[in-house]
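# Report on the structure
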Amino acid sequence: MTGTQQTVLEINLNALQHNFEYIKSKLNQNTKTLAVVKAFAYGTEPSSIAKHLEKLKVDYFAVAYAKEGVVLREAGIKTPILVLHPQIIDFKTVINYCLEPNLYSKRVLTAFIDLAQALGLNNYPIHLKFNTGLNRLGFVENDVDLIFKYLSKTSVVKIASVFSHLVASEDLSERDFSNNQIEIFKSIIKRITLKLNYRPLFHMANTSGILNYPEAHFDMVRIGISLYGFANEAKFTKQLKNVASLKSIISQIHTIEKGETVGYNRAFKAEKKIRTATIPIGHADGIYRAFGNGKGYVTINGFKAPFIGNVCMDMLMVNVSDINCKEGDEVIIFDNQEMICDFADAINSIPYEILTAISQRVKRIVK
Ligand SMILES: *Cc1c(COP(=O)(O)O)cnc(C)c1O
């Protein structure tokens, strides 16, 4: 037996570095980089990922919620951190930890200005988000005058950046829609530039925006899933390296006679004598119950072992009838992009969800 002795998610920082450098090779020299490390850095290990990227001189980080930024500050991260979706209740935390809020509506903009005023802040960096079609968060173009009604009265905040988000940057059949979003954003840039005597950063592109819409790089790009090895398109994903590998071990092997069943609700019935292996990872670890019953597989000693029966909370069972293996052997749940894409395809999902689902119960090992 070699390899892991428990369920672990291994994080490969060399692969991360390769991916960051690959994306940078697609940018103009002056284009700044923002690394998206929300949701535990896409399910990996945010502090190690951020520290490594800080060494590589990334310009910005983004998290979704304030407490994700707190974790990075407590790990010693000094680089600016944009909080993409801050809640008003967290604004004090945002300020205490020198995080930079995205202010996306009149409600959150005025709440932040009020607090900044009460605290006597000066030129506190904020970010403004514009909705150009996603209809999720953001001001609309015609809000520019309203925004400056509030901003021109105060010097407690300063606009560090203005941004928008593409709806379907990975989908080239939506090119017209994306181009239209880019045009709207350009018009927003013009209107805002006219109002300011300094220049904030403008940014719009996520991973697929970077790769498919070089004209939408503007001053900075927001690099998310590609840092972790995926680009929503096989030809680009091939150029990237897999960062997160999920490994486990065979806890026990059973011989199941014809007619016996495996797991809860007797979901699997043996039509002939088989051998099963029980693996210590379940739906509480992020292997959803939507898997199971033939959806999903692991590899053991190089061979595919399909999931059988229902995934349990803490373990799952696979068919190892044709595999030479024994208790204690290493199990690879995934260690390359193809396996992660297979996982995603099996339940009509995407690699983003497969990675971020890996729960905090799984030990992270950074290599
Ligand atoms: C998550 C997120 C990103 C990163 O997108 P990827 O497709 O993972 O590169 C960029 N911008 C915003 C606003 C996001 O929420």
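Residues numbered from 1 in each chain as written. Predicted model: local features only at pLDDT ≥ 70, side-chain atom pairs only at ≥ 80, totals over all residues. Heavy atoms only, no water.

## A short note on the site of the ligand
The ligand sits among 13 residues. The nearest are Lys38, Tyr42, Thr207, Ile225 and Tyr352. Measuring from an oxygen atom of the ligand, one finds a side-chain N or O atom of Thr207 at 2.6 Å. Between the ligand and the protein, one listed contact pairs an oxygen atom with a backbone N or O atom of Gly224 at 3.0 Å. Relative to its unbound accessible area of 390 Å², the ligand is 94% covered by the protein chains. Mapping the ligand onto the cavity grids shows that it belongs to the largest pocket. Considered class by class, the residues forming the shell around the ligand number 5 nonpolar, 4 polar and 4 charged. (Near = heavy atom within 4 Å. Polar contact = N/O pair within 3.5 Å; in protein donor to acceptor, adjacent residues only side chain to side chain. Areas by Shrake-Rupley, 256 points an atom, 1.4 Å probe, with all protein chains shown as cover. 1 Å grid on protein atoms, 1.4 Å probe; cavity = no way out; pocket = protein on both sides within 12 Å on 5 of 7 lines; lining within 4 Å. Sits in = over half its atoms within 2 Å of the grid points. Nonpolar A, V, L, I, M, F, W, Y, C, P; charged D, E, K, R; others polar.)

## Thoughts on the packing of helix H6 (residues 106-118) against helix H7 (residues 144-151)
Put simply, H6 and H7 touch, their axes get as near as 11 Å, and they point 10° apart. Taken together, H6 and H7 sit at an angle that is classed as roughly parallel. Only Leu146, Ile147, Tyr150 and Leu151 of H7 make contact with H6, whose side of the interface consists of Lys106, Leu109, Thr110 and Ile113. Residues of the contact of H6 with H7, tallied by class, amount to 6 nonpolar, 1 polar and 1 charged. (Axes fitted to C-alpha atoms, helices over the stretch in contact; angles between N-to-C directions. Helix = DSSP H or I, 4+ residues; strand = E, 2+ residues; numbered from the N terminus. Parallel < 35°, antiparallel > 145°, perpendicular 65-115°, else oblique. Contact = heavy atoms within 4.5 Å.)

## As for the nonpolar core
Counting residues in each nonpolar core, the largest one holds 120 residues, and the members touching the most others are Leu128 and Phe334. Two domains each provide a minimum of three residues to this core, namely domain 1 (31-228) and domain 2 (244-366). Residues in contact with Leu128, not counting those within four places in the same chain, are Asn102, Leu103, Leu109, Phe139, Ile147, Leu151, Ile159, Ser161, Val162 and Phe163. Counting 8 residues, the second largest nonpolar core, distinct from the first, contains Phe268, Ile274, Ile308 and Met317. (Core = buried A, V, L, I, M, F, W, Y, C linked by side-chain atoms within 4.5 Å. Buried < 20%, exposed > 50% of the residue type's maximum accessible area, 1.4 Å probe, protein only. Domains from an automatic or database assignment.)

## Digging into empty space enclosed by the protein
Applying the stated criterion across every chain, the model contains 1 cavity of 30 Å³ or more. Every residue along the wall of the largest cavity is listed here: Lys129, Phe130, Asn131, Thr132, Leu134, Asn135, Arg136, Leu137, Ser164 and His165. For the lining of the largest cavity, a count of residues per class yields 3 nonpolar, 5 polar and 2 charged. (Points joined across faces, edges and corners; volume = space filled by probe spheres on them.)

## Overview of the UniProt feature "domain: Alanine racemase C-terminal" (unreviewed entry) in the protein
Residues given the UniProt feature "domain: Alanine racemase C-terminal" (unreviewed entry) here are residues 243-367. Here residues 243-367 runs as 14% helix and 35% strand, with 10 Å between its end C-alpha atoms. (UniProt positions renumbered as here; feature names shortened; annotations may be inferred.)

## Some words on the side chain of Arg364
Relative to the elements of secondary structure, Arg364 occurs in strand E19 (residues 363-366). Buried and unpaired, Arg364 has Glu45 as its nearest opposite-charge partner, separated by 7.2 Å. Polar side-chain contacts of Arg364 include one of 2.8 Å to the backbone oxygen of Val362. (Lys, Arg positive; Asp, Glu negative; His and termini not counted. Salt bridge = Lys/Arg side-chain N within 4 Å of Asp/Glu carboxyl O.)

## Description of the domain arrangement of the protein
Accessible area lost when the parts come together is the quantity often used to give the size of an interface. The domain architecture assigned to the protein consists of domain 1 (31-228) and domain 2 (244-366). Its C-alpha centre places domain 1 at a distance of 38 Å from the equivalent point of domain 2. Counting from both sides, the interface comprises 9 residues of domain 1 and, opposite them, 7 residues of domain 2. Taken over both partners, the interface formed by domain 1 and domain 2 buries close to 800 Å², and the fraction arising from carbon and sulfur atoms is 69%. For the domain 1 face of the interface with domain 2, the top three residues by lost area are Tyr42, Gly43 and Ile225, together amounting to 47%. Linking domain 1 to domain 2 there are 0 salt bridges. Across the domain 1-domain 2 interface, the total number found is 2 residue pairs in polar contact (both at pLDDT 80 or more). By residue number, the principal contributor to the side of domain 1 that touches domain 2 is helix H2 (residues 38-43), which donates 4 residues. When the residues that make up the side of domain 1 that touches domain 2 are grouped by side-chain class, the tally is 5 nonpolar, 3 polar and 1 charged. (Buried area = accessible area lost by both parts, 1.4 Å probe.)

## Looking at the layout of surface pockets
Unoccupied space between atoms shows up once a probe the size of one water molecule is rolled over them. Computed from the structure, the largest pocket encloses a volume of approximately 930 Å³. Contributing to the lining of the largest pocket are 35 residues, with Lys38, Tyr42, His165, Asn206 and Tyr352 lying nearest its centre. Of all elements in the fold, only H2, helix H10 (234-237), helix H11 (337-346) and helix H12 (351-357) reach the threshold of two or more residues within the lining of the largest pocket. A per-class count over the lining of the largest pocket returns 18 nonpolar, 10 polar and 7 charged. No fewer than three residues from each of domain 1 (31-228) and domain 2 (244-366) sit in the lining of the largest pocket.

## A few points about the UniProt feature "binding site: substrate" (unreviewed entry) in the protein
According to UniProt, the "binding site: substrate" (unreviewed entry) feature falls on Arg136 and Met313. Across 178 residues in sequence, these annotated residues place their C-alpha atoms as far as 33.0 Å from one another, rather than forming a single compact spot. Lining of the largest cavity among the annotated residues: Arg136. Turning to its location among the elements, Arg136 is positioned in the loop between strand E6 (124-129) and H7.

## Brief notes about the packing of aromatic side chains
Under the counting rule described, the total for this entry stands at 11 aromatic pairs. With a centroid separation of 6.1 Å and 40° between ring planes, the pair formed by Tyr42 and Tyr352 is classed as tilted. In this pair, Tyr42 sits in helix H2 while Tyr352 sits in helix H12, placing the two residues 310 residues apart along the sequence. Judged by its relative accessible area of 6%, Tyr42 falls in the buried class. With a centroid separation of 6.0 Å and 65° between ring planes, the pair formed by Phe307 and Phe343 is classed as edge-to-face. In this pair, Phe307 sits in strand E16 (residues 303-308) while Phe343 sits in helix H11, placing the two residues 36 residues apart along the sequence. Since its relative accessible area comes to 2%, Phe343 is described here as buried. Following the ring pairs from residue to residue traces out a cluster consisting of Phe291, Phe307, Phe334 and Phe343. Cation over ring: Lys158 sits above Tyr198, and NZ or CZ is 4.5 Å from the ring centre. The ring centre of Tyr297 lies 4.7 Å from the NZ or CZ of Lys304, which sits over that ring. (Phe/Tyr/Trp six-rings, centres within 6.5 Å; stacked < 30°, edge-to-face > 60°. Lys NZ or Arg CZ within 6 Å of the ring centre and 35° of its normal.)

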